[in-house]
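Observations on the model geometry
Given next are the chains, with one letter for each unit.
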Amino acid sequence: MIKGFLKKILETFISIIPMVFIITIIFLFSYFNNDFRGINGDKSIPFISLSSYISFLICSLTLVIGSSLFQVGADNALSKVGQEIGSHLTKKKNIALLLILTIGLGLLITFAEPDLTVFSDIVGKQIDSNLGTWIVKLVAGLGVGIFLALGIVRIIFQKSFKIVILISYLLIFAICCFFGPDGGNAFLSISYDTSGVTTGPATVPFVIAFGASVASARGGKDSSSDSFGLSGLMSLGPVIGMLILTLIKRPECDIFSIEVHDWYKQVVIDNIFLNMIFEVLLGVGPLFLFFIIYNFIFLKLKRKKLINIIIGFLLTAIGLYIFLISASIGFKGLAFELGKNIASNPSYYYLFIIISLLTGVIIVLGEPSIQILTSQVEEISGGMIKKKTMIVTLAIGVGIAIALEVSRNVFFNGFSSFYLFIPLYLLCIILMFFVSDLYASIAFDSGGIASGTISVCFVLPFVIGICIELKTVTNAFGIIGMVSCVPILCIEMLGIVSKIQSKLIQRRARKSFVGYEDVQIIHFMEIENEEN
């Protein structure tokens, strides 16, 4: 466990250090160079204050520790719980019980997702001033649970992944039609954003282990690959849930605003340290209690294994607490401040494009899950799609996605994200039918990988800061949904390239052995099995 923790620290540190480097350069230029600063014409004010920069540096270190503890805990607790319960439920051969408990587990594991906690804290109060955060979590959790159950049904009955995805997206598009030609209000974009924040370091390990155990218990020749696509399908549930919530609460949602006064400083004023203890207990506690009761009644794990899982839960809770504190104090505040301050000076709008492109590269190069995904695709393609090629493609794609969303807010603030989401996701669905089932499954799984910690803790508050300064706050959301879409397109296009390359290689191979109008002699040999 200690080796795992040190490995996770190194991975998280590598993923966060490029962002620290970029912020440091911006801070130094704006703090010590009078020509590279200015807010509303005041050249004495830098883009990033000294206090915000120091908080960011300190919280970067604590975020590395918190994220590492959380990931180690998730590997030793959440993954193991998913594996044990999934295997046990499948062996009982009670479909109704399996589906009911799957929905419940999907809800509970979503409560523990740190990315969703950060996201719901930002958008929740726009839905309900008191319970908005938990309404978002509840709706997203139910969506995850229901579509996780749908994915499990697909695995058990071996139904086509492409057909299930097609029907799910048709349902999403049908609901979107109720929002009108302008794309409705900001909550349409928020609905798409939830697909990215519900597939993070808590849900993905649990879902992969749960799905793999169900597929393994079912058996069959495709059992090893059937669990692919489960997290991609699961992420559609929160989109549908949030769209329905928006339609129900539409009169209240039409008046969308984020209060400008010290929004990024509220986290310090509102007793965040005590509040986060409550958040963590409600996030991790229900799943822990469910596991303890389920183990006592059904699993009855050996003492050593049970103690390791309990320690994993403890590490998960501690890591989640440190992570949320660090993200709230150090990252959200600085990103909001930077976006708001640069937006106040049109002379520096070009910085938005530079920061957006660099952030996209950082997200891809620094995210450990993307490294695993690219290695996986290289192996599946037989080396025809190189890992480096895929990383470069994803980095460019995610960078362009962020730049598009930022440009939409800065230069085309009347342009609805509705006109970006629908064509892009339609393209994802069309390309899906030109690649194999395995490629399609991995492509949709990859959607949530790119929308990780940096997207939720830095990119989204950065865009909110821009929109508040430009008084276009209803356009602030949609960027996480856009980032989630790009990896799907990239992997599908690479899958098509791999398919074309494979056919070309086979054609060349046939030509090298058989010329035009050559006669082939085929020898049939009888092989007898000899018994020893």
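Residues numbered from 1 in each chain as written. Predicted model: local features only at pLDDT ≥ 70, side-chain atom pairs only at ≥ 80, totals over all residues. Heavy atoms only, no water.

**Some remarks on the overall build of the protein chain**
Rules: Secondary structure elements are taken from DSSP: a helix is a run of H or I of four residues or more, a strand is a run of E of two residues or more, and numbering for both begins at the N terminus. Only protein chains enter the area calculation, which uses a 1.4 Å probe; residues under 20% of their type maximum are buried, those over 50% are exposed, and those in between are partly exposed. Residues are treated as being in contact if the distance between any of their heavy atoms lies within 4.5 Å.
Helix and strand counts for the protein chain come out as 21 helices and zero strands. When the 532 residues of the protein chain are sorted by exposure, 56% land in the buried category. The contacts in the protein chain between residues at least 6 apart in sequence include a share of 84% that link residues at least 24 apart.

**Describing a positive patch on the surface**
How we decide: Exposure above 30% relative accessible area and no salt bridge define the residues that can form patches, which grow by joining like charges within 9 Å and nonpolar side chains of Val, Leu, Ile, Met, Phe, Trp and Tyr within 5 Å. Each accessible area is a Shrake-Rupley estimate made with a 1.4 Å probe; only the visible protein chains count as cover when residues are assessed. The term salt bridge refers to a side-chain nitrogen of Lys or Arg lying within 4 Å of a carboxyl oxygen of Asp or Glu. Charge counting follows a simple rule: Lys and Arg are positive, Asp and Glu are negative, and His as well as the terminal groups are ignored. Working definition for charges: the position is that of NZ of Lys, CZ of Arg, CG of Asp or CD of Glu.
Together, Lys499, Lys503, Arg507, Arg510 and Lys511 make up a region of like positive charge exposed at the surface. Its place among the elements puts Lys503 in helix α21 (residues 479–513).

**Points about the nonpolar core**
Within soluble globular proteins, side chains that are nonpolar generally end up buried alongside one another. Heads up, the rule is: For our purposes a nonpolar core is just a set of buried Ala, Val, Leu, Ile, Met, Phe, Trp, Tyr and Cys residues, chained together by side-chain atoms within 4.5 Å.
If you look at the biggest cluster of nonpolar residues, it comprises 157 residues, and the most contacted ones within it are Ile172, Tyr192 and Leu338. Setting aside chain neighbours within four positions, we find Leu338 in contact with Ile23, Ile26, Phe47, Ile48, Ile355, Phe458 and Phe462.

**Description of the pattern of salt bridges**
Tallying each qualifying case throughout the model produces eight salt bridges. The residue Glu469 makes a salt bridge to Lys340 at a minimum N-O spacing of 3.4 Å. Residue Glu469 is found in helix α20 (residues 453–469), and its partner Lys340 is found in helix α14 (residues 303–343); the two are separated by 129 residues along the sequence. Here Arg408 and Glu405 are joined by a salt bridge, their closest N and O atoms 3.0 Å apart. Here Arg408 pairs with Glu405, and both are found in helix α17 (residues 387–410), just three residues apart, close to one helical turn. The same class applies to Arg408 as to Glu405, namely buried.

**Description of the environment of Leu148**
For Leu148, the location among the structural elements is in helix α5 (residues 132–157). A C-alpha to C-alpha distance of 8.1 Å links Leu148 and Val207, two positions 59 residues apart in sequence. Once you skip the residues sitting within four places of it in the chain, Leu148 turns out to touch Thr102, Gly106, Val207, Leu230 and Met234.

**A look at helix α3 (residues 95–111)**
Selection rule: Expected span, for any helix, means 1.5 Å times one less than how many residues it has.
With 17 residues, α3 should cover 24 Å at 1.5 Å per step; its first-to-last C-alpha distance of 25 Å lies within 8% of that length. Within the span of α3, buried status applies to Leu98, Leu101, Thr102, Leu105, Gly106, Leu107, Leu108, Ile109, Thr110 and Phe111.

**Here's the deal with the state of the cysteines**
Rules: Pairs of cysteine sulfur atoms within 2.5 Å are identified as disulfides in what follows.
Scanning the entire structure with this criterion turns up zero disulfides. Its sulfur unpaired, Cys177 is 7.2 Å from the next cysteine sulfur, which belongs to Cys176.

**Examining a nonpolar patch on the surface**
Together, Leu28, Tyr31, Phe32, Leu50, Ile54 and Ile58 make up an exposed nonpolar region whose accessible area comes to about 570 Å². Within the residue set of the nonpolar patch, elements represented by two or more residues are α1 (2–32) and α2 (50–92). Residue position: Tyr31 is located in helix α1. Judged by its relative accessible area of 30%, Tyr31 falls in the partly exposed class.

**Some details on the side chain of Ser356**
Looking at the secondary structure, you find Ser356 in helix α15 (residues 350–366). Ignoring anything within four residues of it in the chain, the contact list for Ser356 reads Gly399, Ile402, Ala403 and Val406.

**Details of empty space enclosed by the protein**
Operational definition: Detection works on a 1 Å grid of protein atoms alone, calling trapped sets that fit a 1.4 Å probe cavities and calling open sets with protein on both sides within 12 Å along at least five of seven lines pockets, with lining residues defined by an atom within 4 Å of a point. Grid points are joined across faces, edges and corners, and a volume is the space filled by probe spheres set on the points. For this scheme, ten residues count as nonpolar: Ala, Val, Leu, Ile, Met, Phe, Trp, Tyr, Cys and Pro. Four count as charged, namely Asp, Glu, Lys and Arg, and the remainder, Gly too, count as polar.
Under the defined criterion, the tally for this structure stands at two cavities of 30 Å³ or more. Counted as a void, the largest cavity has a volume near 120 Å³. If you trace the largest cavity, you find 15 residues lining it, with Tyr169, Ser195, Ser235, Leu236 and Tyr425 closest to the centre. Among the secondary structure elements, those contributing two or more residues to the lining of the largest cavity are α6 (161–176), α7 (186–197), α10 (236–248), α19 (437–450) and α21. Ranked by residues supplied to the lining of the largest cavity, first place goes to α19 with three residues. Looking at the lining of the largest cavity residue by residue, the classes come out as eight nonpolar, seven polar and no charged. Put simply, the second largest cavity is a space of about 30 Å³. Looking at the second largest cavity, the residues that line it are Ile355, Ser356, Thr359, Ile402, Phe458, Val459 and Phe462. Considering only residue class, the lining of the second largest cavity consists of five nonpolar, two polar and no charged.

**Looking at α10**
With 13 residues, α10 should cover 18 Å at 1.5 Å per step; its first-to-last C-alpha distance of 19 Å lies within 8% of that length. Among the 13 residues of α10, ten are classified as buried, and the element is accordingly described as predominantly covered. Where α10 is concerned, the buried positions are Leu236, Gly237, Pro238, Val239, Ile240, Gly241, Met242, Leu243, Leu245 and Thr246.

**Notes on the packing of α3 against helix α8 (residues 203–218)**
Basically, it comes down to this: To obtain each axis, a line is fitted to C-alpha atoms, and for helices this fit is confined to the stretch in contact; angles are then taken between N-to-C directions over 0 to 180 degrees. If an angle is under 35 degrees, it is roughly parallel; if it is over 145, roughly antiparallel; if it lies from 65 to 115, roughly perpendicular; otherwise it is oblique. Here is the rule for handedness: rotate from the far helix to the near one, and if that takes an anticlockwise turn smaller than a right angle the crossing is left-handed, while a clockwise turn gives right-handed.
Taken N-terminus to C-terminus, the directions of α3 and α8 make an angle of 160°; their axes are 10 Å apart at the nearest point. By the angle between their directions, the pair α3 and α8 is classed as roughly antiparallel. In this structure, α3 meets α8 at a crossing whose hand is right-handed. Here Leu98, Thr102, Leu105, Ile109 and Thr110 of α3 come into contact with α8, specifically with Thr203, Phe206 and Phe210. Residue composition of the contact of α3 with α8, grouped by class: five nonpolar, three polar and no charged.

**So, the confidence of the model for the protein chain**
The condition that has to hold: pLDDT expresses, on a scale from 0 to 100, how confident the predictor is about each individual residue.
Chain-level pLDDT for the protein chain is 82 on average; 84% of the residues reach the 70-or-more range. This model gives residues 259–269 a pLDDT under 50, and the stretch forms twelve contacts once residues within four places in sequence are excluded.

**Focus: the side chain of Thr199**
So the rule is basically this: A 3.5 Å cut-off defines polar contacts: any pair of N or O atoms within that distance qualifies, except that in protein one atom must be a possible hydrogen donor and the other a possible acceptor, and neighbouring residues in sequence count only when both atoms are side-chain atoms.
One can find Thr199 in the loop between α7 and α8. We classify Thr199 as buried; its relative accessible area is 6%. Reaching out from Thr199, the side chain makes a polar contact with the backbone oxygen of Ser195 at a distance of 3.5 Å. Separated by 3.3 Å, the side chain of Thr199 and the backbone oxygen of Gly196 make a polar contact.

**Here's the deal with the packing of aromatic side chains**
To describe a pair of aromatic rings, you give the distance between the ring centres and the angle between the ring planes. Formally: Ring geometry is summarised as follows: Phe, Tyr and Trp rings, the Trp one being its six-membered ring, pair when their centres sit within 6.5 Å, and such pairs are stacked at plane angles under 30 degrees, edge-to-face over 60 and tilted between the two. Only lysine NZ and arginine CZ atoms are considered, and such an atom sits over a ring when it is within 6 Å of the ring centre and within 35 degrees of the ring normal.
According to the stated counting rule, one finds 21 aromatic pairs in the structure shown. Members of the aromatic cluster, each reached through a chain of ring pairs, are Phe161, Tyr169, Phe173, Tyr192, Phe421, Tyr425 and Phe444. The ring of Trp134 is capped by Lys137, whose NZ or CZ atom sits 4.4 Å from the centre of that ring. Positioned over the ring face of Phe296 is Lys300, at 5.8 Å from the centre of the ring.

**Quick word on unusual backbone geometry**
In the Ramachandran plot, Lys93 falls in the positive-phi region, its phi being about 55° despite a non-glycine side chain. Among the structural elements, Lys93 can be located in the loop between α2 and α3. In this model, Gln158 sits at a positive phi of 55°, which is unusual for a non-glycine residue. Structurally, the position occupied by Gln158 is in the loop between α5 and α6.

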